[in-house]
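# Structural characterization, general
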Amino acid sequence: MVERLGIKMFFLVVLICFLFPFYVNASDETCFKCHKKAAFFSAKVVHPPVRSERCDRCHSPHVARYKGLLRMRPVKLCFSCHEKEKKGFFEGLVHMPVEQGLCLKCHAPHKSSSSMLLRESVSKTCAQCHEKLFEKKRYAHAPFKKGQCLRCHMPHNSKRPNLLVDDPKKLCVKCHNKRCPKLSSVKASINVAKGQVDCLSCHTPHASSQAALLREFIHDPVKKDCSTCHSGSGPSPDKCFKCHKGVRDQMNMTHSHFSSRVGISCTRCHSPHAGDDKNLLRGSEYQVCRNCHGGTYERYKMSRYKHPDIKICSGCHEPHGSKHLAMLKGNGTTMCVRCHESQGKFTHPIGEDVLDRRTGQEVTCVTCHNPMGTEFKFELVREGKKDLCIVCHRAY
Amino acid sequence: MRKAKLITVMCCISITMFFWLIPPSWGRGPWHWVMTLRQPKIKDAMINPTALYIDPHKGNYYVVDSGKDRLLSFDHKGKLLHIFTAGDELDLPMDMTRGPHGNVWVVEKGKNSLSLIDLKAKKVVRHHLKVDGRKIYPHRVELSGGLFYILDKESGDVFAFTPEMELEKRYSCGDCSQGFIDFKVYKDILLALSMDQGGTIYEFSLDGQLKKRLSLDGRALFPVSVCRGPSGYFYVLDRHDSRVLVFDKQGVFKYGFLEFGSSQGQLYYPIEIRFDPWGRLCVVEEGNARVEVFAR
């Protein structure tokens, strides 16, 4: 009996010894019998596992669940080595591709002619998504022109808005300090040097068709007379309402963003001087809303089923004030049927003649759906097979 | 054998007694639904009610129906008594209180005023309030100790005005970024809620001194209303999470209850919370257009 077991063990050891060299081979030379070696090494930067010919670190030679015969999901694979980076990447505001685990959106997995294994140069990589920023304009900020996006922005995450490397008021002064002859002629130069002036309120850090990199849309009083706003008492929404009378009416609704407190007054969202759109918003609408409603975005992001592409909040919500729930522009049906025309005509009965027996409220699309995201298909507020219906149709 | 039978019987009795003696509220959480204040005619239901006032002397509830520009009164059993429109003069009412002579004071958003409805003279007198020459935008109102306490939407501060509408006191959260979103006045304190840092409760003495500042510790998604319970606990209404959160006097979270939905005992876009004189908790639901009353 013992003798038989010994013979078996002997053959097992021989088999392992025989197969091991083939296994090692599979991870280097074997791959390059088919995959041209030059295609992986002829570049300035080569990913260390490729350089050491350890294809098997990422790829399975036989079968795999993931595209490219990857052993794991790409993001999981990257962080299996880049563990240190993983800890830091998710602090503060996180760049969307990082958040979604799309490392390969910016980085090449094998080799690259750009540093940090970027697929292309920094600016071209950024322009993949931020194409609007790179539209040709007459004037451009020097670092932007040279493609040095990373002089001001962090690529993965940052504690500051717009993934800036420093406080925006301090960042400009790093280069445009007091020694700059143009600044010394400006009355506010001392404050600029101290980092107390919000340069971005008037200037764009990227490119503009206006000289001095002024933003594209200038607030009328800036063009005519600063004292329209800069006189008398300190900043207050009443000053804005003198011209923007319609906005005052919206602010007097049951729900509004009305406030004069420093952190959340009109100038929290709008620049009083200049902006890149006609509403003089301080960034894209998505960014401006997310600054305060981060939790809502977080819940939207985490929801299993959600309405696609809701970056334009003002499509459904009134940004200043509204008497409707959730500061919607209309009731829960009028907002939806603008796009969902057929559902507006052919659906479960809705409208002012159809009342929810539980509350006496008009049945609208949002009685059953929550476009901001739910755990159920079609963004239903409950499971659509039974749970949703029986809350009203109890007899069934 | 007899002994075993006796033990079995004793066990059965103990188990029965145990379940019989359990307070009914155990199975339903600390609070249970008692009644709902709403217009019984379903076709004339309220739309977006925003506030509740309780007259402690008459024992009646008054609900501000902002969507239909009217006020509804109910008795303490929840029976609808009157529907009042002030001759169709109300313009987006937000909150209300009653004066010593029975007159009604309403915050009218549409007119940006604190409006006196003189019931005898049958007229509405609108007061446009100012502080230091600046217009204020009333959002919430309470009447206590002969003073009108008004939450100004613009500054986020609470102002106390005399009946002649002269400023008496100011209650501010100081350097907080968002100001107050709700407040309540009690005999000894003014309680206010700010959304700052995920929600903060401020407790002022009536002379304006800040006594306590309690953080909600990020437990609320969107805190909109606060009140103090009979035991001194703080109750915070979370609009987005459709829940009521309970904190002790030191601000330690104790428990949360209620959930999202439109059925009885569920919340949809709730907007205000307050206790009635009988120790019952009333939640004004804007989304479900009703006031739900809960008791222990």
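Residues numbered from 1 in each chain as written. Chains lettered and ligands numbered in written order. Predicted model: local features only at pLDDT ≥ 70, side-chain atom pairs only at ≥ 80, totals over all residues. Heavy atoms only, no water.

### Digging into the overall build of chain A
Scanning chain A from N- to C-terminus turns up 22 helices and 12 strands. Across the 396 residues of chain A, 29% fall into the buried class. For chain A, the proportion of contacts with a sequence separation of at least 24, taken over those separated by at least 6, is 47%. When the accessible surface of chain A is totalled, it reaches about 26,700 Å², and 61% of it is carbon and sulfur. (Helix = DSSP H or I, 4+ residues; strand = E, 2+ residues; numbered from the N terminus. Buried < 20%, exposed > 50% of the residue type's maximum accessible area, 1.4 Å probe, protein only. Contact = heavy atoms within 4.5 Å. Areas by Shrake-Rupley, 256 points an atom, 1.4 Å probe, with all protein chains shown as cover.)

### Focus on the overall build of chain B
When you go through chain B residue by residue, the secondary structure sums to two helices and 28 strands. Looking at chain B as a whole, 55% of its 296 residues qualify as buried. At a minimum sequence separation of 6, the contacts of chain B that also span at least 24 residues come to 41%. Carbon and sulfur atoms make up 54% of the accessible area of chain B, which amounts to about 13,700 Å² in all.

### Considering the confidence of the model for chain A
Counting all residues, the mean pLDDT for chain A is 85, and 88% of those residues have values of 70 or more. Per-residue pLDDT stays below 50 along residues 17-26 of chain A; that stretch engages in three contacts with residues further than four places along the chain or on separate chains. (pLDDT = per-residue confidence, 0-100.)

### A few points about the state of the cysteines
Applying the stated criterion across every chain yields a total of one disulfide over all chains. Linked covalently through their sulfurs, B:Cys173 and B:Cys176 form a disulfide whose S-S length is 1.8 Å. The thiol of A:Cys229 is unpaired, and the distance to the nearest cysteine sulfur, on A:Cys240, comes to 6.8 Å. Left unpaired, A:Cys266 is separated from the closest cysteine sulfur, that of A:Cys240, by 3.9 Å. Its relative accessible area of 19% is what places A:Cys266 among the buried residues. (Disulfide = S-S within 2.5 Å.)

### Examining the interface of chain B and chain A
Opposite the 46 residues of chain B that make contact, chain A presents 34 residues. When the area that chain B buries against chain A is broken down by residue, the three leading residues are B:Ile42, B:Tyr137 and B:Glu154, summing to 18%. The interface formed by chain B and chain A contains zero salt bridges. Scanning the region where chain B abuts chain A turns up eight residue pairs in polar contact (both at pLDDT 80 or more). In terms of residue class, the side of chain B that touches chain A is built from 15 nonpolar, 20 polar and 11 charged. (Buried area = accessible area lost by both parts, 1.4 Å probe. Salt bridge = Lys/Arg side-chain N within 4 Å of Asp/Glu carboxyl O. Polar contact = N/O pair within 3.5 Å; in protein donor to acceptor, adjacent residues only side chain to side chain. Nonpolar A, V, L, I, M, F, W, Y, C, P; charged D, E, K, R; others polar.)

### Quick notes on the pairing of strand β9 (residues 123-127) of chain B
Residue and element names in this part refer to chain B. One ladder, built from five bridges, connects strand β8 (residues 113-118) with β9; its direction is antiparallel. Looking across to β9, one finds that serine 115 is bridged to arginine 126. Connecting β8 to the antiparallel partner β9 that follows it, the hairpin turn spans four residues, and lysine 122 within it adopts a positive phi of roughly 55 degrees. (Pairing = 2+ DSSP bridges.)

### A few points about unusual backbone geometry
Apart from glycine, the bulk of residues carry a negative phi angle, and the bulk of peptide bonds sit in the trans form. If you check the backbone angles, A:Asn162 has positive phi at about 60 degrees while not being a glycine. Along the chain, A:Asn162 falls in the loop between β5 (157-158) and α10 (168-175). If you check the backbone angles, B:Tyr269 has positive phi at about 50 degrees while not being a glycine. With respect to the helices and strands, B:Tyr269 occurs in the loop between β25 (266-267) and β26 (270-275).

### Focus: the side chain of A:Ser256
All names here are of chain A. As for its placement among the helices and strands, serine 256 is situated in strand β8 (residues 255-256). A residue is classified by how much of its surface remains accessible, and serine 256, at 9% relative accessible area, is buried. In this structure the side chain of serine 256 is engaged in a polar contact, spanning 3.2 Å, whose partner is the backbone oxygen of methionine 251. Polar side-chain contacts of serine 256 include one of 3.2 Å to the backbone nitrogen of phenylalanine 258.

### Looking at the sheet that holds β9(B)
Residues and elements named next belong to chain B. In spatial order, the strands read β6-β7-β8-β9; together these four strands make up an open sheet with antiparallel pairing. The sheet terminates laterally at β6 (93-98) and β9, the two strands that pair on one side only. Each strand of the sheet is rotated relative to its neighbour by a mean of 25 degrees, with strand direction disregarded. (Axes fitted to C-alpha atoms, helices over the stretch in contact; angles between N-to-C directions.)

### With respect to the sheet that holds strand β22 (residues 243-247) of chain B
Within a beta sheet, neighbouring strands are joined by backbone hydrogen bonds and run either parallel or antiparallel to one another. All names here are of chain B. The four strands lie next to each other as β20-β21-β22-β23, forming an open sheet whose pairing is antiparallel. Each edge of the sheet is formed by a strand with only one pairing partner; in this case those strands are β20 (223-228) and β23 (253-257). When strand polarity is set aside, the average angle formed by the axes of neighbouring strands in this sheet is 20 degrees. As defined by bridge partners, β20 adjoins strand β21 (residues 234-238) across five bridges and the pair is classed as antiparallel. Counted as the bridge partner of valine 226 is valine 236 from β21.

### Points about the packing of aromatic side chains
One pass over the structure, following the stated rule, counts 25 aromatic pairs over all chains. Linked through ring pairs, B:Trp31, B:Tyr235, B:Tyr255, B:Phe257 and B:Phe275 together constitute an aromatic cluster. The cationic tip of A:Lys37 hangs over the ring face of A:Phe41; the distance from NZ or CZ to the ring centre is 5.9 Å. Over the ring of B:Tyr186 we find B:Arg228; its NZ or CZ atom is 4.8 Å from the centre of that ring. (Phe/Tyr/Trp six-rings, centres within 6.5 Å; stacked < 30°, edge-to-face > 60°. Lys NZ or Arg CZ within 6 Å of the ring centre and 35° of its normal.)

### Considerations on the pairing of β6(B)
Residue and element names in this part refer to chain B. β6 sits mainly inside the fold: six of its six residues count as buried. Here five bridges tie β6 to strand β7 (residues 104-108), and the two strands are oriented antiparallel to one another. Looking at β7, one finds that methionine 96 is bridged to valine 106. Counting the residues in the hairpin turn of β6 and β7 gives five residues, including glycine 102, whose phi is positive at 85 degrees.

### A look at helix α5 (residues 74-81) of chain A
Within α5(A), burial applies to A:Val75, A:Leu77 and A:Phe79. Next to the buried residues of α5(A) lie α6 (83-89) of chain A.

### Concerning the environment of A:Met72
All names here are of chain A. With respect to the helices and strands, methionine 72 occurs in the loop between α4 (48-51) and α5. Note on methionine 72: relative accessible area 28%, which makes it partly exposed. Sequence-wise, methionine 72 and cysteine 58 are 14 residues apart; in three dimensions their C-alpha atoms are separated by 7.7 Å. When sequence neighbours within four positions are dropped, the list of residues in contact with methionine 72 reads Tyr66, Leu77 and Ser80.

### Things to note about the side chain of A:Ser112
All names here are of chain A. Within the secondary structure layout, serine 112 lies in strand β3 (residues 111-112). On the basis of relative accessibility, which here comes to 4%, the residue serine 112 falls in the buried class. Polar contacts involving the side chain of serine 112 include one to the main-chain amide nitrogen of serine 114, which spans 2.9 Å. A distance of 2.4 Å separates a polar side-chain atom of serine 112 from the backbone oxygen of leucine 118. Beyond its immediate stretch of four places on either side in the chain, serine 112 contacts Ala43, Lys44, Val45, Leu117, Leu118 and Arg119.

### So, the pattern of salt bridges
Scanning the model with the defined rule gives 33 salt bridges over all chains in all. Of the charged contacts in the structure, one is a salt bridge between A:Lys37 and A:Glu53, with a shortest N-O distance of 3.0 Å. Taken together, the residues A:Lys37 in the loop between α2 (31-34) and α3 (38-41) and A:Glu53 in the loop between α4 and α5 connect sequence positions 16 residues apart. Of the residues examined, A:Lys37 reaches a relative accessible area of 34% and is grouped as partly exposed. A:Glu53 gets classed as buried once you look at its relative accessible area, which sits at 17%. Each of B:Asp95, B:Arg140, B:Glu142, B:Asp182, B:Lys184, B:Glu272 and B:Arg274 takes part in one network of salt bridges that share partners.

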